[in-house]
Amino acid sequence: MSEEEARSEEAARAWWRNCGVEPDAEMREIDAMEDALGPLDDQIRQIRERIAGFEACYHEADTEAMFIVAAIGVGRLGEESGERPPQRKGELEAAREVLAAWCQEPERRGSGLGVGAYRADELRDFLGEATPLKTWQVQRVVDKITEALDPSQPYHWMKLNLGDYGEPDARIAGEHYVSDAAFLERTRETMIRDTVDGRPAEISLAMAIDLLMPCHWDFAGSVATLLKAIGGDLHPTTPYTCCARNLRLSPLYNRLSDISTALSAFWRGEEAASKLDREILESLGAISPEKRWLAASLDKTIRLQLEAPPDVWMDLG
């Protein structure tokens, strides 16, 4: 096998699927650590699989990172309920109820529900006067939220044809809306104009709804931006956040960076430089080849996500 073929094989490793980049020298170094371990036992494989599913845009990404750190320290994943955090589940249920009610009765007022910092009446006011197009678009937002609460009711994609990790042509977007072709086209053509990491950008309303993630750190803000856009405000004062788009605005950004720094100190054998470093080093315990590989994998995954260039969001609109 040539060096180029070997690197191509490394690029296909599923462990890095949530990083979205070709392997660099450091990733190949980490892959070599794995190769030196030989066959992985089930517990170690489960921890690495958890790292492969880590997303820095998750609203509890810091908690998830520390859960993985603890697992590395003891050599197995801890127990967890598997249920959605109660506060976020409540926000999803409230958002669905408020928006579904608006679709049925646009003029109804007085609901005590809210989503994040937004009151129900405030969310409804963003939409302005009801029209058939607005109602159709709000229903798509309701569909997206409903899927999160009940996976048996899938959302149908309007524009995004990529897979969960950027696989091209993984979906056939829009085919479900043949009978609503005019509404779909209007939604695709409506452009939200904002910024990505301070640079002028735009994203279509259809794509923005497709990318509304119920587990995202800024779910409430994203819903507000979508409703304002449906109501006609296409120049939000706060940039639209979805997936890793405008991730630098996340309140967890610095915390995740600090966790990555501590993990780096562990697997590189450096001295602890902060209280957090010491806490994580104590949690990880004595170094071993397996722990070094897992800590390096989590460190690199976090850094790649935090430092991802914004260019992809300039094209994905």
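Residues numbered from 1 in each chain as written. Predicted model: local features only at pLDDT ≥ 70, side-chain atom pairs only at ≥ 80, totals over all residues. Heavy atoms only, no water.

## Focus on unusual backbone geometry
Stated precisely, the cut-off is as follows: Runs of H or I in DSSP of at least four residues are treated as helices and runs of E of at least two as strands, each being numbered from the N terminus. Buried, partly exposed and exposed residues are distinguished by accessible area as a fraction of the type maximum, computed with a 1.4 Å probe on protein chains only: under 20%, between the cut-offs, and over 50%, respectively.
One non-glycine residue, Asp 197, lies in the positive phi region at around 50°. Take Asp 197: it is sitting in the loop between β3 (191–196) and β4 (199–204). The residue Cys 243 is not glycine, and still its phi comes out positive at about 45°. Taking relative accessible area as the criterion, Cys 243 reaches 18% and is therefore assigned buried.

## Brief notes about the packing of aromatic side chains
The condition is simple: When the centres of two rings from Phe, Tyr and Trp lie within 6.5 Å, Trp using its six-membered ring, the rings pair. Their planes under 30 degrees apart give stacked, over 60 give edge-to-face, and anything left gives tilted. Criterion for a charge above a ring: Lys NZ or Arg CZ within 6 Å of the ring centre, and within 35 degrees of the ring normal.
If you walk through the whole model with that rule in mind, you get five aromatic pairs. Taking the centre distance of 5.6 Å and the plane angle of 80° together, the rings of Tyr 155 and Trp 157 count as edge-to-face. Here Tyr 155 and Trp 157 have matching classes, each one buried. An aromatic cluster is built from Trp 136, Tyr 177 and Phe 183, whose rings are joined through pairwise contacts. Note that Arg 140 overlies the ring of Trp 136, its terminal NZ or CZ placed 4.7 Å from the centroid.

## Points about the environment of Asp 299
Condition: Only heavy atoms matter for contacts: two residues are in contact if any of them lie within 4.5 Å across the pair.
You can see Asp 299 is positioned in helix α13 (residues 289–306). Remark: the alpha-carbon pair of Asp 299 and Arg 268, spanning 31 residues in sequence, is separated by 11 Å. Leave out the neighbours within four places in its chain, and Asp 299 touches Ser 260, Leu 263, Ser 264 and Trp 267.

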